[in-house]
Amino acid sequence: MTAVRRIRFAVKVLARRGRQVVRLAHAGGSMIKGGTLMSVLKATGWFQDFTDEQLREIASFGRIKRIADKKLLFVQGEPLTDYFFVVDGLVHAYHQNKEGKRWIASLFASGDLFPHVGLADDESHYPANGGTITPCLLLVISRTNMQKLMLRYPVLERRLTEFLAKKSRELMNRYADSVLEPALNQLLSLLKRLASTSGTPASSGWTLIRHAMTEQDMAGYLGVTPETVSRLLNRLYREKRAKSAGRGKIYIDLERC
């Protein structure tokens, strides 16, 4: 196969996958049928080694939900009833005080499971508030069904352990950056992470971040003011290390960032 043919084939594959996700999004709120959604999730790592028969069985344990941006999913302290796999979009877990000041504890993108309590411990309440940052496509599985899946497929327990270790490293790195790194470097780390989870290559070496956060959300994640984020983004734009692509989208030059 020539290089041109390989490129055309790759474009066709990506287009088919994109149409598949769109079809799933329009099915929001309905029960999952067959292994269609699972075939999408399979690529994220949680179900990559499962057979089609196993995927169909797992699909029957959950439901697909399409949720708009800035919607509350659960409230800190409420009984833990559901777990969520992110198929597409960006979700945050956050704490908020009485004055309305918000601190984003964690971000969840495609392939992530949240919350990550109550499976390896006895926690029975949501540890933080959860909400969508962007429009999301989520696989929702009740706590009872999730526990059944863990018992039926022990490999999920191992992947949960790996996922918890990954989240622990992220939290430690965030803390170290907040103490040791200037705000600009923290912002660049966040943009690089968003590029790795929802970025797509664009022309001339740019990477398009489809699920970028608002300046207020970035400020809540970094622990700075929205004005600081705005000032730093404008600096990146002037230095041509990033450029705005409209609401909720940013181009970044990974080589220069």
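Residues numbered from 1 in each chain as written. Predicted model: local features only at pLDDT ≥ 70, side-chain atom pairs only at ≥ 80, totals over all residues. Heavy atoms only, no water.

**Q** What's the story with the sheet that holds strand E12 (residues 250-252) in this structure? I'm lost.
**A** By definition, the strands of a sheet pair up through backbone hydrogen bonds, in either a parallel or an antiparallel sense. Taken together, four strands build an open sheet; the order of strands is E9-E10-E12-E11 and the sheet is antiparallel. The open sheet has two edge strands with one neighbour each: strand E9 (199-201) and strand E11 (242-244). Adjacent strand axes in the sheet meet at a mean angle of 25°, parallel and antiparallel pairs treated alike. Judged from the three bridges that link them, strand E10 (residues 207-209) and E12 form a sheet pairing that is antiparallel. In the strand pairing of E12, Thr-207 is matched with Ile-252. Docked against the sheet, helix H6 (residues 183-198) engages E9, E10 and E12, running at close to 90° with respect to E10. (Pairing = 2+ DSSP bridges. Helix = DSSP H or I, 4+ residues; strand = E, 2+ residues; numbered from the N terminus. Axes fitted to C-alpha atoms, helices over the stretch in contact; angles between N-to-C directions. Contact = heavy atoms within 4.5 Å.)

**Q** It is not clear to me how the side chain of Asp-112 should be interpreted in this structure. Could you clarify?
**A** With respect to the element layout, Asp-112 can be found in the loop between strand E5 (102-108) and strand E6 (113-114). At 3.4 Å, the side chain of Asp-112 and the side chain of Lys-166 are in polar contact. What Asp-112 contacts, discounting residues up to four positions off in sequence, is Phe-84, Phe-85, Val-86, Leu-107, Phe-163, Lys-166 and Lys-167. (Polar contact = N/O pair within 3.5 Å; in protein donor to acceptor, adjacent residues only side chain to side chain.)

**Q** I'm lost on the pattern of salt bridges in this one. Help?
**A** Proximity of charged atoms lets side chains of opposite charge pair with each other. Summed over the entire model, instances satisfying the criterion amount to 10 salt bridges. A salt bridge links Glu-170 to Arg-193; the shortest N-O distance between them is 3.4 Å. A residue pair is termed long-range when its members are at least 10 positions apart, and Glu-170 in helix H5 (residues 155-180) and Arg-193 in helix H6 qualify at 23 residues. Salt-bridge contacts for Arg-241 lead to Glu-239; the nearest nitrogen and oxygen are separated by 2.7 Å. Note on Arg-241: relative accessible area 14%, which makes it buried. For Glu-239, a relative accessible area of 27% puts it in the partly exposed group. By sharing partners, the salt bridges in this structure join Asp-112, Lys-166, Lys-167, Glu-170 and Arg-193 into a single network. (Salt bridge = Lys/Arg side-chain N within 4 Å of Asp/Glu carboxyl O. Buried < 20%, exposed > 50% of the residue type's maximum accessible area, 1.4 Å probe, protein only.)

**Q** How should I be thinking about the sheet that holds strand E4 (residues 91-96) in this particular structure?
**A** Across the sheet, four strands lie side by side as E2-E7-E4-E5; this open sheet has antiparallel pairing. On the outer flanks of this sheet lie strand E2 (72-74) and E5, each paired with one strand and no other. Here the strands of the sheet are splayed against their neighbours by 35° on average, with no regard to which way each runs. The pairing of E4 with E5 spans six bridges and is antiparallel. Along E5, the bridge assignment pairs Tyr-94 with Ile-104. Contacts from helix H7 (residues 215-222) reach E4 and E5 within the one sheet, and its direction differs from that of E5 by about 95°.

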